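Residues per chain, in single letters:
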Amino acid sequence: MFIKITNAGGYQYVRLVENYRENAKEKQRVLFNFGRLDLLKSDPAFKNIVKKLSDIVERTTTENTEAVTIESEEDVSDAVIKNWGYIVFRKLWEELEIDKFLKEKATKGRKIKFDVDKVSFLMTIQRLIEPMSKLRTYHQRNKYFGFEEDIDLNQLYRCLDFLDSIKEDLETYLYQKNRDLFKMVVDVVFYDVTTIYFESCRADELKNFGFSKDNKINEVQVVLGLLVDKEGRPIGYELFPGNTIDSKTMVKILRKLKEKFSIDKIVIVADKGLNSRLNLKMIKEAGYDYIVASRLKNASKEVLDEVFEQEGYKRLDGKSCLNAEEIYGDEFKYKVLERTNVIKDEEGKEFKIEERLIITYSSKRAKKDKEDRERLVSKAKELLENKGSITALEKKGARKYLKRKSKSEEYVLDEEAIKRDEKFDGYYAIQTSKKDMDVEEVLGAYHDLWKIEQSFRVMKSCLEVRPIYHFTESRIKGHFVICFLAFLLQRTLEYILRKKGKGISSERIMEAIDSMNFFEIEIKGKKYLIKQRTEEGAGDILNVMKIKGPKNFITYEEGLEFIGISK
């Protein structure tokens with residue numbers, strides 16, 4: 001981006017121009033047209049800009065106090081865009097005292113000679129504002145105003161190794177800091193698992209082939225287990241080999257909650273993928289309670305008889321769930337069954353848990369179930385037209401609606417299976433060991449499970465955790481520490497804004513911060529900064545964070561002072 005003076009019709013015009021590529025060709029487009037240069041020289045507004053620049057020069061140099069005038073294109077350098085919006089996250093970084101923690105860890109028994117705080121923050125802020133590889137991060141490091149050029153590429157990679165080595169201590173520190181700084185109450189946690197794939201087909205102890213939730217069949221992956229609080233803020237995470245099934249991740253997570261975070265009482269909310277009898281047993285043995293989705297179609301005949309028996313269902317009180325219709329549709333009812341869940345461990349010993357099974361019916365869910373089933377039936381009919389491909393498929397998805405009596409017979413549509421599934425349209429079940437919670441509280445907690453699903457979407461889209469280009473285990477783990485720090489800063493900022501009545505989405509926050517830029521230009525050998533117009537929401541973010549934005553026109557030195565004060 002640069003200021004360009006062009007000749008047209010016998011006049012000179014002053015324009016702000018940027019280069020861009022289209023169909024492999026470099027082109028230019030005008031971002032702002034200041035107008036004719038001869039008229040601008042007599043325009044009070046333009047004169048004020050020139051006078052301001054002149055005043056800046058007079059205050060900052062004794063060698064030349066002549067007024068700055070823009071006579072030709074050669075007087076003004078190409079404009080370089082420098083982001084200053086990162087100071088919003090830098091302020092959070094320092095309020096959490098991450099800088100002090102990293103520097104302290106770097107000096108204890110480690111021969112680290114570079115600034116781990118600066119390098120870690122650079123990788124974190126790049127992950128937030130414009131996710132890219134570490135190599136590109138290194139080449140783009142100067143896009144952030146005030147970042148010195150004394151960072152080399154090797155420091156970024158070494159910093160990942162360092163972050164991997166302190167991950168557990170950093171997690172514990174941030175949990176305690178969040179609890180003290182924001183009065184974080186952890187009485188309900190949401191836990192879920194996702195997969196993160198790699199641009200590689202080479203498996204090892206961590207990266208491995210497994211069931212991909214991104215439908216990446218031929219790429220290795222790792223399994224990520226994430227804990228978030230009821231505000232959507234991350235508490236901690238664990239990485240597992242790529243072939244680990246969801247239910248096998250619970251042991252390590254429970255140990256983290258109990259030993260690292262010293263949490264004695266908590267309710268764990270999770271989806272049906274984590275609902276195994278041994279997991280429920282471990283949760284109770286740890287002294288915790290659970291709210292989990294139940295596999296209703298696998299329930300006993302006694303339970304299913306109760307599901308379809310309409311007597312005993314109740315409707316939610318509109319006062320206790322004000323947005324019930326929005327969540328569940330125009331019809332919602334529930335029934336509570338008291339039961340004893342008998343669990344046998346690996347040695348055959350019985351373990352009994354007193355539970356409530358909350359069966360629900362929602363017209364909104366019924367509509368979705370019907371649409372999903374009809375889509376699978378249509379797909380099944382398409383498969384019947386190409387029967388040669390059916391045998392290679394597992395019995396899931398559309399394949400579950402096909403059957404044949406013997407291997408010698410052809411596949412046909414399984415009408416009985418379709419009718420059987422149709423009976424369950426709209427029905428869902430949640431089981432909980434927390435018997436002193438109201439039904440509305442249990443339903444509300446389970447409904448809030450969307451917060452962790454949203455967390456995975458934000459991590460995978462906005463922060464672009466995937467795909468990963470690192471190959472050593474330490475660098476991979478260090479990369480996830482950076483992602484965790486970025487996600488923590490983002491969610492903390494959203495929480496602070498929400499508390500102040502400024503509900504701004506993740507996407508809008510990042511657009512606003514990405515728009516907080518300077519045009520850095522050099523006029524007759526002197527550097528100046530012109531503040532770029534910011535996106536909607538930028539003012540709210542700065543006000544809530546108590547950051548006074550820079551003036552429209554300042555010297556380079558004043559910009560450095562601004563960054564130093566705001567950090």
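Residues numbered from 1 in each chain as written. Predicted model: local features only at pLDDT ≥ 70, side-chain atom pairs only at ≥ 80, totals over all residues. Heavy atoms only, no water.

## Let's talk about the packing of aromatic side chains
Evaluation of the coordinates by the stated rule reveals 15 aromatic pairs. Their ring planes at 40° and their centres at 5.3 Å tell us that Tyr-237 and Phe-484 sit as a pair that is tilted. One end of the pair, Tyr-237, is in strand β7 (residues 234-241); the other, Phe-484, is in helix α17 (residues 473-499), and 247 residues separate them in sequence. As far as burial versus exposure is concerned, Tyr-237 and Phe-484 are alike and both buried. Ring plane angle 40° and centroid distance 5.9 Å describe the contact between Tyr-428 and Tyr-446, whose orientation is recorded as tilted. (Phe/Tyr/Trp six-rings, centres within 6.5 Å; stacked < 30°, edge-to-face > 60°. Helix = DSSP H or I, 4+ residues; strand = E, 2+ residues; numbered from the N terminus. Buried < 20%, exposed > 50% of the residue type's maximum accessible area, 1.4 Å probe, protein only.)

## Description of the sheet that holds strand β6 (residues 221-229)
Read from one edge of the open sheet, nine strands run β7-β6-β5-β8-β9-β15-β12-β11-β10, paired in mixed fashion. The strands lining the two open edges of the sheet, one partner per strand, are β7 and β10 (314-315). Looking at chain direction, strand β5 (residues 188-197) and β6 are connected through nine bridges and run antiparallel. Across the sheet, residue Val-193 finds its bridge partner in β6, namely Gly-225. (Pairing = 2+ DSSP bridges.)

## Some words on the pairing of strand β8 (residues 267-270)
Alternating positions in β8 separate into two faces, Val-267 and Val-269 on one and Ile-268 and Ala-270 on the other, with burial throughout. Sheet analysis places β5 next to β8, joined by three bridges and oriented parallel. Paired with Val-189 across the two strands is Ile-268, which belongs to β8. Bridging between β8 and strand β9 (residues 289-293) involves four bridges; their strand directions are parallel. The residue bridging Ala-270 from the neighbouring strand is Val-292, located in β9.

## Quick word on helix α9 (residues 250-260)
Every α-helix winds through 3.6 residues per turn, so residues three or four apart in the chain are directed the same way. Along α9, the residues classified as buried are Met-250, Ile-253, Leu-254, Lys-256, Leu-257 and Lys-260. Tucked inside the fold, the buried residues of α9 contact α8 (167-181), β5, β6, β7, β8 and α10 (277-285). Residue Ser-262 follows α9 closely and has a positive phi angle near 55°. (Contact = heavy atoms within 4.5 Å.)

## Examining the side chain of Asp-421
Take Asp-421: it is sitting in helix α14 (residues 415-422). In contact with Asp-421, other than residues within four places in its own chain, are Lys-297, Arg-373, Lys-400 and Tyr-401.

## What to know about the side chain of Lys-167
Residue position: Lys-167 is located in helix α8. For Lys-167, a relative accessible area of 10% translates into the label buried. Each residue touching Lys-167, except ones within four places of it in the same chain, is listed here: Tyr-237, Glu-238, Lys-256 and Val-481.

## Considering the confidence of the model for the protein chain
Mean pLDDT over the protein chain stands at 81; residues scoring 70 or higher make up 79%. Scored below 50 in pLDDT, residues 56-73 makes 36 contacts in the model with residues more than four places away or belonging to other chains. (pLDDT = per-residue confidence, 0-100.)

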